[in-house]
Amino acid sequence: MRFAPSQENEAFAESLDDLLSGAGVVAAARAWAEGDSGPGRKVWAALADLGVTGLAIAEEHGGVGGDAMDLAVAFQALGYHGVPGPVVESIAVLPALLGDAARLRALADGAIGTVALAPRTPYLLDADVADLRVVVGPDGAVAEVPAPSTAPLGSVDRTRRLFATELNTVPDTEGPGRAAVNGVQSAEVAGAFAVAAQLLGAGRRLLDDTVEYAKARAQYGKAIGEYQAIKHLLADVATRLELAAPLLSGAAVALSGSASRGVDLEPARDVAAARYVADLISPYLFALREAARSRQAAIVETEARAREEGLRLGARDLTDVPVVADRGDTVPTADSGMPADAATEI
């Protein structure tokens with residue numbers, strides 16, 4: 001059983017970071033928020049060329065056939081760079097849900113897919129941009145739906161356009177019982193795992209950007225990063241991010257089905273733990289952002305207010321992590337739920 005990334009994982013992470021660093025993701029996200037998906041589709045095409053869009057798809061369907069650790073590496077990078085679009089839905093959830101070879105091959109080739117699964121994710125994310133729109137009803141019936149004819153709903157993140165869909169009258173197009181028994185639970189677990197990795201990557205980007213800001217921003221004649229309150233806050237967030245990483249790796253091992261050598265591994269439980277801890281970081285990320293932007297005299301008050309707000313909203317609901325890129329809004333993540341029994345075990 002291996003928790004640490006392999007040399008192949010590290011090389012993949014470096015290649016993906018190089019790609020996204022030079023792909024103009026910030027400009028693409030801004031354009032995406034304004035309804036122009038052109039630059040974002042170019043980023044998506046570059047990800048397809050690298051094999052990212054086919055990581056969770058078997059080779060016989062045109063994919064890469066990667067494992068959970070490959071997905072963890074990819075989604076940390078996608079979160080770090082704030083890539084717009086339904087990346088979780090298309091790259092992690094749909095490959096676990098669908099059994100149709102033609103649709104899987106299209107996703108592997110770079111088609112953008114989105115999905116709504118009742119009752120946890122009732123909206124179709126970026127349905128106006130997606131090439132494939134799938135809806136799963138409460139009974140597990142799966143259907144492909146046409147492009148929306150209505151305007152998107154409001155969202156705290158302008159890069160995430162949410163579209164309502166009817167989840168109670170979905171015809172079964174996947175075969176009786178198949179999706180309900182095999183696909184939906186696996187898709188939910190895959191989505192929760194991808195979101196945990198995405199949040200971890202977003203948190204690291206926010207920390208990196210805030211450290212640079214603390215070095216450059218001067219207050220009372222010296223950089224704010226020299227003040228103990230800022231140093232402690234930065235160290236606190238760095239520690240929490242590092243403690244979250246092993247849980248993500250453990251979930252990847254559980255999902256891969258590797259030999260446990262006596263270690264108790266349960267995919268749904270371990271993924272829920274990784275997602276839960278990643279979400280718990282969110283109030284501290286809010287505090288970190290606000291503290292770095294505040295005057296030194298208000299740092300302690302700002303941190304307390306941000307933490308209180310995070311607890312009021314509920315840490316597990318804070319999946320829209322604050323700004324980690326220069327674009328000035330929020331990082332796109334998916335609101336993938338976790339199985340109730342797994343959350344109970346946590």
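S.K.: So what's going on with the packing of aromatic side chains? Residues and values would help.
M.R.: Scanning all chains against the criterion turns up zero aromatic pairs. In this structure, K222 is placed above the aromatic ring of Y227, and the distance from its NZ or CZ to the ring centre is 4.7 Å.

S.K.: Describe in detail the sheet that holds strand 1 (residues 113-117), supporting the description with residues and values.
M.R.: With respect to topology, three strands assemble into an open sheet ordered 1-3-4, the strand pairing being mixed. Looking along the sheet, the strands with just one partner apiece sit at the ends: strand 1 and strand 4 (142-144). Strand after strand, the sheet turns through a mean of 20° between neighbouring axes, direction not considered. Bridge count between strand 1 and strand 3 (residues 132-136): five bridges; the pairing is parallel. Looking across to strand 3, one finds that T114 is bridged to R133. Where helix 5 (residues 87-97) meets the sheet, it contacts strand 1, strand 3 and strand 4, and its direction lies at approximately 60° from that of strand 1.

S.K.: For the pairing of strand 3, give the residues involved together with the corresponding values.
M.R.: In regular strands, side chains alternate between the two faces of the sheet. Along strand 3, five of the five residues are buried, which leaves the element largely enclosed by surrounding structure. The sheet contact formed by strand 3 and strand 4 spans three bridges and is antiparallel. For V136, the partnering residue across the bridge sits in strand 4 and is V142. The antiparallel hairpin formed by strand 3 and strand 4 contains five residues in its connecting segment, where G140 sits at a positive phi of about 90°.

S.K.: Could you give an account of the packing of helix 4 (residues 68-81) against helix 8 (residues 228-256), naming the residues involved and the relevant values?
M.R.: Interhelical geometry of helix 4 versus helix 8 gives an angle of 145° and a closest axis separation of 8 Å. Taken together, the residues of helix 8 that come into contact with helix 4 (itself represented by A68, M69, A72 and Q76) are L248, S249, A252, L255 and S256. Per-class residue counts for the contact of helix 4 with helix 8 are six nonpolar, three polar and no charged.

S.K.: I'd like a rundown of the packing of helix 1 (residues 7-21) against helix 4, residues and numbers included.
M.R.: Any two packed helices are characterised by how steeply their axes cross, that is the angle between the axes, and by the distance between the axes. Where helix 1 contacts helix 4, the axes come no closer than 10 Å and their chain directions differ by 25°. Relative to helix 4, helix 1 is oriented roughly parallel. In this structure, helix 1 crosses over helix 4, and the sense of that crossing is right-handed. Every residue of helix 4 that contacts helix 1 at N9, F12, A13, L16, D17, L20 and S21 is listed here: M69, D70, V73, A74, A77, L78 and H81. Looking at side-chain class alone, the contact of helix 1 with helix 4 contains nine nonpolar, three polar and two charged residues.

S.K.: Describe in detail the side chain of R205, supporting the description with residues and values.
M.R.: Mapped onto the elements, R205 comes out in helix 7 (residues 178-216). The class of R205 is buried, set by a relative accessible area of 13%. Polar side-chain contacts of R205 include one of 3.2 Å to the backbone oxygen of Y80.

S.K.: Tell me about the layout of surface pockets, and please be specific about residues and values.
M.R.: By volume, the second largest pocket amounts to about 350 Å³. What lines the second largest pocket is a set of 19 residues, among which A13, A72, V73, Q76 and R204 lie closest to the centre. Counting only elements with at least two residues in the lining of the second largest pocket, the list comes to helix 1, helix 4, helix 7 and helix 8. Looking at the lining of the second largest pocket, its residues break down into ten nonpolar, five polar and four charged.

S.K.: How would you summarise the environment of A102 if you had to cite specific residues and measurements?
M.R.: Among the structural elements, A102 can be located in helix 6 (residues 101-108). Residue A102 is classed as exposed on the basis of its relative accessible area of 56%. Considered as a pair, A102 and H61 are 41 residues apart in the sequence and their alpha carbons are 7.7 Å apart.

Thresholds, definitions, all that
- One numbering rule holds for all chains: residues counted from 1, following each sequence as written.
- Given that the model is predicted, a residue must reach a pLDDT of at least 70 before its local features are reported, and side-chain atom pairs must reach 80 or more before they are shown or counted; all residues, however, enter totals for whole chains, interfaces and linings.
- Each side-chain value is worked out from all heavy atoms of the structure, with water and hydrogens disregarded.
- Pairs were defined over the aromatic rings of Phe, Tyr and Trp, the Trp ring being its six-membered one, requiring ring centres within 6.5 Å. Orientation was assigned from the angle between planes: stacked under 30 degrees, edge-to-face over 60, tilted for the rest.
- Each ring is checked for a lysine NZ or an arginine CZ that lies within 6 Å of its centre and within 35 degrees of its normal; such an atom marks a charge sitting over the ring.
- Between any two strands, pairing holds if DSSP finds at least two bridges.
- The helix and strand labels rest on DSSP assignments: H or I over at least four residues marks a helix, E over at least two residues marks a strand, and numbering proceeds from the N terminus.
- Under this scheme, a helix contributes an axis fitted over its contacting stretch, all axes are lines through C-alpha atoms, and angles between N-to-C directions fall in the 0 to 180 degree range.
- By definition in these notes, contact holds between two residues if any of their heavy atoms fall within 4.5 Å.
- Burial classes follow relative accessibility: with a 1.4 Å probe on protein chains only, a residue under 20% of its type's maximum area counts as buried, one over 50% as exposed, and anything between as partly exposed.
- Here the nonpolar group is Ala, Val, Leu, Ile, Met, Phe, Trp, Tyr, Cys and Pro; Asp, Glu, Lys and Arg are the charged ones; every other residue, Gly included, is treated as polar.
- Geometric relationships in this document are graded by angle, where less than 35 degrees denotes roughly parallel, more than 145 denotes roughly antiparallel, 65 to 115 denotes roughly perpendicular, and other angles denote oblique.
- Working rule for handedness: look at the near helix, and if it is turned counterclockwise from the far one by less than a right angle, call the crossing left-handed; if clockwise, right-handed.
- We call two N or O atoms a polar contact when they sit within 3.5 Å, provided that within protein one can donate a hydrogen and the other can accept it, with sequence-adjacent residues counted only if both atoms are side-chain atoms.
- Think of a 1 Å grid over the protein atoms and nothing else: a 1.4 Å probe that fits but is trapped marks a cavity, an open set flanked by protein within 12 Å on at least five of seven lines marks a pocket, and residues with an atom within 4 Å of a point count as lining.
- Grid points are joined across faces, edges and corners, and a volume is the space filled by probe spheres set on the points.

What is shown is where atoms sit, not what they do.
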